[in-house]
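Notes for the structure review
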Amino acid sequence: IMDVTDPAKSQVVKFVPGPENTWSIQMDLHDNIMITGLEQVSRRWGGDPSKPHDEGFLIWDIKDPANPRKLGQWKTGGRGTHRNGYPGGRYVFAAAALPGYQDELLVIVDIQDPAKPVEVARWAAPGQHVAAGEKPEDGMQLHGPPIVDGNRLYLDYGGAGMFILDISDIRKPTPIGHLDFTPPFDGGIPVHSILPIKSRNLVWVNSEAIAE
């Protein structure tokens, strides 16, 4: 936690250690609530799959920014969550790795009672539900964070491209648009991050070429 009141003299005011063998590198916040993603560290970045890890996401009260207070935790039962979207209010839009699925998918979690967060919906790209016999394409994963704009939800889905969902009924996310970027883009995460600019009817998209 850094105090940047004077940018020329920014100071570290507190360090909160995360769980062992666990990434806690992705955060989102709104008003006085902060969401911290927890996921197993990839072997490529030094993680040890034989050792325990924590997973899901933590919910914090940050009314006192220098002294965050943990309110609760939601768990996936699997590898954890990567980059989660929290636009405020009662719902977290998580990029979650759940058992039975290929990599991360969308899970919408109700945190109205932060001590007892509850999944209210999930949506996976066609092919991701391997436990049901589906066969995923290479690089098919919700990288996140999902971006909410009114009743639309924009998903950056790696090798599967970009999806737009209608979330008028929060319990039944419905796909209304899809744009594939592969080919021509490949070599890692073709759709890594997205940013809708509704006033211009545009969505900015960037890739992350890590396979090279």
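A brief structural summary. (Residues numbered from 1 in each chain as written. Predicted model: local features only at pLDDT ≥ 70, side-chain atom pairs only at ≥ 80, totals over all residues. Heavy atoms only, no water.)

This part is about the overall build of the chain. Each helix and strand counted, the chain has 0 helices and 17 strands in total. For 212 residues, the compact-globule formula gives about 17 Å, and the C-alpha radius of gyration of the chain, at 18 Å, lands near that figure. Projected onto its principal axes, the C-alpha positions of the chain cover 45 × 45 × 40 Å. Burial status across the chain gives 42% buried among its 212 residues. Just so you have it, the chain exposes about 11,700 Å², and 52% of that area is on carbon and sulfur atoms. Computed over 20 positive and 27 negative side-chain charges, the separation of the two mean positions in the chain equals 5 Å. (Helix = DSSP H or I, 4+ residues; strand = E, 2+ residues; numbered from the N terminus. Rg over C-alpha atoms; globule rule 2.2 N^0.38 Å. Buried < 20%, exposed > 50% of the residue type's maximum accessible area, 1.4 Å probe, protein only. Areas by Shrake-Rupley, 256 points an atom, 1.4 Å probe, with all protein chains shown as cover. Lys, Arg positive; Asp, Glu negative; His and termini not counted. Charge placed at Lys NZ, Arg CZ, Asp CG, Glu CD.)

Glancing now at unusual backbone geometry. Of note, the amide linkage connecting T182 to P183 takes the cis form, showing an omega dihedral of -5°. With an omega dihedral of 10°, the bond running from P183 to P184 counts as a cis peptide bond. Residue position: P184 is located in the loop between β15 (174-179) and β16 (189-197). Positive phi values are uncommon outside glycine, yet D31 reaches one of about 50°. By the secondary structure assignment, D31 is in the loop between β4 (27-30) and β5 (33-40). Although it is not a glycine, N201 sits at a positive phi angle of roughly 55°. With respect to the secondary-structure elements, N201 resides in the loop between β16 and β17 (202-208).

Here we take up the packing of aromatic side chains. Within the structure shown, the criterion is met by 5 aromatic pairs. With a centroid separation of 5.1 Å and an interplanar angle of 65°, the aromatic rings of W123 and F163 are classed as edge-to-face. On the criterion of sequence distance, the pair formed by W123 in strand β11 (residues 118-123) and F163 in strand β14 (residues 162-166) is long-range, its members being 40 residues apart. With a relative accessible area of 9%, F163 lands in the buried category. Each residue in the set W123, Y157 and F163 is aromatic and connected to the rest through ring pairs, giving one cluster. (Phe/Tyr/Trp six-rings, centres within 6.5 Å; stacked < 30°, edge-to-face > 60°.)

Further remarks concern the nonpolar core. Residues F57, L106, I111, L155 and Y157 are the most contacted members of the largest nonpolar core, which totals 34 residues. Taken together, the elements giving at least two residues each to this core come down to β5, β6 (56-61), β9 (91-97), β10 (104-110), β11, β13 (152-156) and β14. A total of 6 residues in this core trace back to one element, the largest contributor, which is β9. Among the nonpolar cores identified, the runner-up in size contains 6 residues, and M162, I164, F181 and I194 belong to it. (Core = buried A, V, L, I, M, F, W, Y, C linked by side-chain atoms within 4.5 Å.)

Topologically, I1 is positioned in the segment before β1 (2-3). C-alpha separation for the pair I1 and V13, spaced 12 residues apart in sequence, amounts to 5.8 Å. Excluding anything up to four places from it in sequence, I1 contacts Q11, V12, V13, K14, P65, A66 and P68. (Contact = heavy atoms within 4.5 Å.)

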